[in-house]
Amino acid sequence: MIQLFNAFNGHFVALSNQKYSSHCLETFFIRAASNVEKELLRENGEAEAEEEEEEEEDAEGSSDAYISFENMFLFILTELKPNMKQMIPNQYASHVLRVLLLILAGKELPSSIESNSILRSKKSKIARKMIEIKDSEDYQRNFQTPSSFKDELTDTLQIIYKDQTSKSLREMAIEKVASPVIQLLVQLEGLVDKKRSFWCLIFNDYEVESDKKEEAFVEYLLSDPVGSHFLEVAIDSQRHKNVERLYNYYMKDRVLKLAKRETTGAFVIMTLLKKMKPNHQIELLDQLVPHLNELIVNNLEIGKSVVDCSIERNNYKKDEIISKFIQFFNKDLSSSSNTEGNGKEEEEKDSSNDKVQSQLLENVLRLSTSTLGNTRDDWPTAEERRRALFLEKLISYDDKILMAVIEGLLDLPVERLIQIKY
């Protein structure tokens, strides 16, 4: 690590901007963070004596002068700081900057290959899977950091914030490459900045009334895939009073309309269901539950969010929610999907019978076309995993669903049931 540092020293900016070397830097920083933690544990007497002796021998046997990994990080940051603003919109350097911010904040470093990781683009994650790159033990965990790192995080945020305007930050918030960095800045600033400067420049402070420019910006966020993801992440880590302000001014009167935007606004509504205070959660459920069947036609995730919110609010509207699900999944979805929006006659049918048709299992999991239990050794698709997790959530939510699933499994041919088990 010390040899690599000596080789990279003076070139960190150039390396972070290059397609391949930027990946090397990310791995280098994560490994260095691991060693920073080991240094701290050694100082606190928590490291094993044997490991300490090995590292001392390595240091003595090296021709390079010993440098602590904490100081190594400080040297690197000194080199990068003048260029940090330029790193934000760069498709390679932005990933390096995000890793550095997470390390300085002592936050968990996500997987470098999983589909929901904030470190990798979709294309990069696919490539890493193809060549069987796997995470080391340093991923999906956070590291203990020295107090100097918190000071460095403060300084880094101030450098990036300097000379920014509402216009510049809003533009980056909706830009594909820069947006994840701005999301992270909004998430982390609360650790070192009680004023939450980035949030209050992107949006107005909680004491300020709405204005036309902010209204137009929020509307764009709620309609744009990149923007909605930014807003989703931003409000999830924000103080309630700031979130409530946006909700009251720009979302409260059109919750259902936003929830129907399956690839944009729906994700923000799902975050609000989790984030808001009890009175607002009930308000959201009152607007969503009556229309639950039309909302889940192409978006089971919002159904899961409604269930989670109901559970948190002492099973609020549980009977109505279960009734909606049983009715929806006990019909021929292939013939009803085109008429879901105006199927009011169907909703008037009594779906509260104790005996629930086994059609529910098929319609939730879509077993007839699923890879579950087939003989081709196909991996389950992302959609199949989502459906299985959704059904698991429903089973734990209510015994009527449990009995329906048991009935559906018992109705399957024995051979098919055994295939699914494996």
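Quick look at the structure, then. Just so it is clear, the structure is predicted and the values come from calculations on it, not from any experiment.

**Regarding a nonpolar patch on the surface**
1) Next: A cluster of nonpolar residues, Met403, Ile406 and Leu410, forms a patch on the protein surface that exposes about 310 Å² of accessible area.
2) Next: As for its placement among the helices and strands, Ile406 is situated in helix H26 (residues 399–410).

**Re unusual backbone geometry**
1) Next: We note that Asn314 has phi near 55 degrees; this positive angle belongs to a residue other than glycine.
2) Next: Position of Asn314 among the secondary structure elements: in the loop between helix H20 (300–312) and helix H21 (318–329).
3) Next: Located in the positive-phi region is Asn315, a residue other than glycine, with phi close to 60 degrees.
4) Next: Along the polypeptide, Asn315 turns up in the loop between H20 and H21.

**Some words on helix H17 (residues 265–275)**
1) Next: For H17, a buried count of nine out of 11 residues is recorded, marking the element as mostly surrounded by other parts of the structure.
2) Next: Buried residues along H17 sit in contact with helix H13 (212–223), helix H14 (225–236), helix H15 (240–251), helix H16 (255–259), helix H18 (278–288) and H20.

**Notes on the packing of helix H5 (residues 69–80) against helix H7 (residues 93–105)**
For any two helices packed against each other, the geometry is given by the interaxial angle and the distance between the axes.
1) Next: Between H5 and H7, whose axes approach to 13 Å, the crossing angle comes to 135 degrees. Judged by the inter-axis angle, H5 sits oblique to H7. In the packing of H5 onto H7, the handedness of the crossing is left-handed. When H5 is examined against H7, the residues Phe73, Leu77 and Leu80 are found in contact with a partner set consisting of Leu100, Ile103 and Leu104.
2) Next: When the residues that make up the contact of H5 with H7 are grouped by side-chain class, the tally is six nonpolar, no polar and no charged.

**Overview of the packing of helix H11 (residues 179–188) against H14**
1) Next: It is at 9 Å that the axes of H11 and H14 come closest, and there the two elements cross at 15 degrees. What the angle tells us is that H11 and H14 run roughly parallel. The interaxial crossing formed by H11 with H14 has right-handed handedness. Residue-level inspection shows Ser179, Ile182, Gln183, Val186 and Gln187 of H11 in contact with H14, the latter providing Val226, His229, Phe230, Val233 and Ala234.
2) Next: Of the residues that constitute the contact of H11 with H14, the class distribution is six nonpolar, four polar and no charged.

**Some words on the environment of Thr154**
1) Next: Locating Thr154 in the fold gives a position in helix H9 (residues 147–161).
2) Next: Classification of Thr154 by relative accessible area gives partly exposed; the value is 24%.
3) Next: Taking the C-alpha atoms as reference points, Thr154 and Leu188, separated by 34 residues in sequence, lie 9.9 Å from one another.

**Here's the deal with the packing of aromatic side chains**
1) Next: Inspection of the entire model under this criterion finds 18 aromatic pairs.
2) Next: On the numbers, 6.4 Å between centres and 40 degrees between planes, the contact of Phe12 with Phe28 is tilted. With Phe12 in helix H2 (residues 12–16) and Phe28 in helix H3 (residues 21–43), the pair connects residues that are 16 residues apart, well separated along the chain. Comparing Phe12 with Phe28, the two get one shared label, buried.
3) Next: In this structure an aromatic cluster arises from ring pairing among Phe5, Phe8, Phe12, Phe28, Phe29, Phe73, Phe75 and Phe149.
4) Next: Over the ring of Tyr397 we find Lys318, and its NZ or CZ is 5.3 Å from the ring centre.

**A closer look at H14**
Working note: α-helix, 3.6 residues per turn, so residues spaced by three or four point in the same direction.
1) Next: In this model, H14 (12 residues) spans 17 Å end to end at C-alpha, consistent with the 16 Å of a helix rising 1.5 Å per residue.
2) Next: Taken residue by residue, H14 has Gly227, Ser228, Phe230, Leu231, Val233, Ala234 and Ile235 as its buried positions.
3) Next: Buried residues belonging to H14 abut helix H10 (166–173), H11, helix H12 (197–202), H13, H15 and H17.
4) Next: For H14, the N-terminal cap is Asp224; the gap from its side-chain oxygen to the backbone nitrogen of Val226 is 3.2 Å.

**As for the pattern of salt bridges**
Proximity of charged atoms lets side chains of opposite charge pair with each other.
1) Next: A full pass over the atoms with the stated rule returns 18 salt bridges.
2) Next: Among the ionic pairs, Lys304 bridges to Asp308, the shortest N-O distance being 3.4 Å. Of this pair, Lys304 and Asp308 both sit in helix H20, four residues apart, which is roughly one turn of that helix.
3) Next: Taking the relative accessible area as the measure of exposure, Asp308 reaches 27% and is therefore partly exposed.
4) Next: Linking Asp308 and Lys393 is a salt bridge whose minimum nitrogen-to-oxygen distance equals 2.6 Å. Of the two residues, Asp308 is situated in helix H20 and Lys393 in helix H25 (residues 382–397); the sequence distance between them amounts to 85 residues.

**Examining the nonpolar core**
1) Next: Ranked by size, the top nonpolar core spans 107 residues in total, and within it Phe29, Phe203 and Leu272 carry the most contacts.
2) Next: Of the residues forming this core, the biggest block, 10 residues, is contributed by H7.
3) Next: With sequence-adjacent residues up to four places away left out, Phe203 is seen in contact with Arg170, Glu214, Phe217, Val218, Leu221, Phe230, Leu231 and Leu246.

Conventions we followed
All residue numbers refer to position in the chain's written sequence, counted from 1. Only residues with pLDDT of at least 70 are given local features in this predicted model, and only at 80 or more are side-chain atom pairs given and counted; all residues enter the totals for whole chains, interfaces and linings. Hydrogens and water are ignored here; the side-chain numbers use all heavy atoms of the structure. Without a salt bridge and with relative accessible area above 30%, a residue can belong to a patch; like charges are then joined within 9 Å and nonpolar side chains (Val, Leu, Ile, Met, Phe, Trp, Tyr) within 5 Å. With residues, only the protein chains shown are counted as cover, and all accessible areas are computed by Shrake-Rupley using a 1.4 Å probe. Salt bridges are defined as contacts in which a side-chain nitrogen from Lys or Arg sits within 4 Å of a carboxyl oxygen from Asp or Glu. What counts as a helix is a DSSP run of H or I of at least four residues, what counts as a strand is a run of E of at least two, and both are numbered from the N terminus. Accessible area is worked out with a 1.4 Å probe on protein chains only. A residue is then buried under 20% of its type maximum, exposed over 50%, and partly exposed in between. Whether two residues touch is decided by their heavy atoms; if any such pair falls within 4.5 Å, the residues are in contact. Angles shown run from 0 to 180 degrees and are taken between the N-to-C directions of axes, each axis being a line fitted to C-alpha atoms and, for helices, limited to the stretch in contact. Here the angle decides the label: under 35 degrees means roughly parallel, over 145 means roughly antiparallel, 65 to 115 means roughly perpendicular, and every other value means oblique. Here is the rule for handedness: rotate from the far helix to the near one, and if that takes an anticlockwise turn smaller than a right angle the crossing is left-handed, while a clockwise turn gives right-handed. For this classification, Asp, Glu, Lys and Arg are treated as charged, while Ala, Val, Leu, Ile, Met, Phe, Trp, Tyr, Cys and Pro are nonpolar and the rest, including Gly, are polar. Two aromatic rings, drawn from Phe, Tyr or Trp (for Trp, its six-membered ring), form a pair once their centres lie within 6.5 Å of each other, and the interplanar angle then sorts them: stacked below 30 degrees, edge-to-face above 60, tilted otherwise. By the criterion adopted, a ring carries a charge over it if an Arg CZ or a Lys NZ lies within 6 Å of its centre and within 35 degrees of its normal. Under the convention used throughout, the expected extent of a helix is 1.5 Å for every residue step, that is, one less than its residue count. Here a polar contact is taken to be a pair of N or O atoms separated by no more than 3.5 Å, where protein atoms must pair a possible hydrogen donor with a possible acceptor and residues adjacent in sequence count only if both atoms sit in side chains. Only buried residues count toward a nonpolar core, which is a set of Ala, Val, Leu, Ile, Met, Phe, Trp, Tyr and Cys residues joined through side-chain atoms within 4.5 Å.

Spatial relationships are all this shows, so hold off on functional conclusions.
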